[in-house]
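Here is how the chains run, residue by residue.
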Amino acid sequence: MASGYLASDWASAFASVPRDAFLPDLMWPWDMAVGRSLPVRRTEDPEQWHRYADSDVPIVTQWDDGQHSGPEPGTVSTSSASMPSVVFSMLRDLDVPAGARVLEIGTGTGWNAALLAHRLGVDNVTSIEVDQEVADAARAALARFGLPVEVITGDGAQGHAVRAPYDRVIATCGLREGIPWAWVEQSRPGGVIVAPWGTHFSHGDAVARLVVAKDGQSAAGTFTGPVEFMKFRAQRLPLITHAEYVPGSVAAGEETSTELSEAEFIGEQFTAQRFALGLRVPDCTMVVADKSNGARPVWFYSLSDRSWACAMFRDGDTARVWQSGPRRLWNAAETAYRWWAGHGSPDHTRFGLAVTREGQTVWLDDPENSWPL
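Let us look at the structure shown here. (Residues numbered from 1 in each chain as written. Predicted model: local features only at pLDDT ≥ 70, side-chain atom pairs only at ≥ 80, totals over all residues. Heavy atoms only, no water.)

W183, W197, F265, F300 and W330 are the most contacted members of the largest nonpolar core, which totals 57 residues. Counting residues per element, this core draws most heavily on helix α10 (residues 329–342), which supplies seven residues. Among the nonpolar cores identified, the runner-up in size contains 33 residues, and V86, A117, L147 and V192 belong to it. (Core = buried A, V, L, I, M, F, W, Y, C linked by side-chain atoms within 4.5 Å. Buried < 20%, exposed > 50% of the residue type's maximum accessible area, 1.4 Å probe, protein only. Helix = DSSP H or I, 4+ residues; strand = E, 2+ residues; numbered from the N terminus.)

Structural data, given as structure tokens:
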């Protein structure tokens, strides 16, 4: 299930703490064959339920912040059990020594907290979950399993100062507005923070592994690889209303063209391309529309004003571009792409992140070449 990701020091926890002990009767695993989430009930089809529980797939356990009902998938997945391979790769990045005190942000099903508690002891793990219903279910599952980790219902951005300092902090939700300073402040010097991090440019995240400085006044490190997590609730992108940006036709925008092809610019989902563009084009989100009749529009919406852009890629033809507003978003996106390609199309591991009380900076290859976000 987690072949290639499970380090030997986590083998005992993996064998002793199965994921299925923390999954609800009704769950929505992602089916790779059909490319969507499917409802599965243990009481109705236990064989299928266990097959998915034992597979390396993400499993949605809540839709629409708990407002959804019925067996069919809801609109927005808001809590889940991550792919086991992702869970173990992040635990590997966390590198917990014996006796370490860990703060987990985002309890979810409780499985990750149980793995940590099996390794470190219940008293050394504290978990925070913002959703009362999710927190209650996790507490119950942890208690049934005999690993009653303390689960706090509250805002994970505040950490939990009562049990600080922590040797390790791990988040299981995607951050969009920086690493909360409370996590650094509540960590010991030399402590490690592992968290999915990204920008609003795309849904993709990268795992940041930061080490807290000896004076406790900063944390810095590099990214270990791509992931995609449900976003930290307080930092989720509000719904973009297209008509508020483009009230009529794209023809109202300034028209140009680009020599970039669809394949070049869109790239693959889990490469660092969109991640890098988000670092270079701040306060912007990109929406890649479905392809129809050989044409694919890619939209850009500014999050700081009502600037917009649209690049229309069409098979066998030069892409047309329209943009409007004080920000020329396509120009910025194309410049960012050429910057990334010009530096050898670097992967996530060549990028780094530094956090201070005042803000955060990112860099490529060398912290001396950083820029603020």
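On to the packing of helix α3 (residues 84–94) against helix α4 (residues 111–120). Contact geometry for α3 and α4: axes closest at 11 Å, N-to-C directions at 45°. As far as their axial angle goes, α4 and α3 are oblique. In this structure, α3 meets α4 at a crossing whose hand is right-handed. On the side of α3, the interface is formed by P84, V87, F88, L91 and L94, while α4 contributes W111, N112, L115 and L116. Looking at the contact of α3 with α4 residue by residue, the classes come out as eight nonpolar, one polar and no charged. (Axes fitted to C-alpha atoms, helices over the stretch in contact; angles between N-to-C directions. Parallel < 35°, antiparallel > 145°, perpendicular 65-115°, else oblique. Left-handed = near helix turned anticlockwise from the far one by under 90°. Contact = heavy atoms within 4.5 Å. Nonpolar A, V, L, I, M, F, W, Y, C, P; charged D, E, K, R; others polar.)

This brings us to the layout of surface pockets. Over the atoms, a rolling probe the size of a water molecule traces out where space has been left empty. In this structure, the second largest pocket spans a volume of roughly 380 Å³. Lining the second largest pocket are 22 residues; nearest its centre among them are P24, T61, Q62, E133 and A137. Contributing elements (two or more residues each) for the lining of the second largest pocket: β1 (26–31), β4 (59–63) and α5 (132–145). If you tally residues by element for the lining of the second largest pocket, the top one is α5, at six residues. Classifying every residue of the lining of the second largest pocket gives 11 nonpolar, nine polar and two charged. (1 Å grid on protein atoms, 1.4 Å probe; cavity = no way out; pocket = protein on both sides within 12 Å on 5 of 7 lines; lining within 4 Å. Points joined across faces, edges and corners; volume = space filled by probe spheres on them.)

Another aspect to go through is the side chain of T285. Here T285 shows up in strand β14 (residues 284–288). For T285, a relative accessible area of 6% puts it in the buried group. From its side chain, T285 meets the backbone oxygen of H200 in a polar contact 2.9 Å long. With residues near it in sequence (within four places) discarded, T285 still touches H200, F201, L237, I240, W299, F300, Y301 and L303. (Polar contact = N/O pair within 3.5 Å; in protein donor to acceptor, adjacent residues only side chain to side chain.)

Right, let's talk about the packing of helix α9 (residues 273–280) against α10 for a bit. How two helices pack is summed up by the angle between their axes together with the distance between the axes. Contact geometry for α9 and α10: axes closest at 9 Å, N-to-C directions at 120°. Classified by the interaxial angle, the pair formed by α9 and α10 is oblique. As for how α9 packs across α10, the hand of that crossing is right-handed. Facing α9, whose interface residues are Q273, A276, L277 and R280, α10 presents A333, A336, Y337, W339 and W340. Among the residues forming the contact of α9 with α10, the class breakdown is seven nonpolar, one polar and one charged.

This next bit is on the sheet that holds strand β7 (residues 125–129). Strands belonging to one sheet form pairs held by backbone hydrogen bonds; the direction of such a pair is parallel or antiparallel. Overall, mixed pairing links the 10 strands, which are arranged β8-β7-β6-β9-β10-β11-β12-β18-β19-β20 in an open sheet. The strands lining the two open edges of the sheet, one partner per strand, are β8 (150–153) and β20 (370–372). Mean inter-strand twist for the sheet, computed between neighbouring axes without regard to direction, equals 20°. Where strand β10 (residues 187–197) lies against strand β11 (residues 205–212), six bridges are found, and the strand directions are antiparallel. Looking at β11, one finds that V194 is bridged to R209. (Pairing = 2+ DSSP bridges.)

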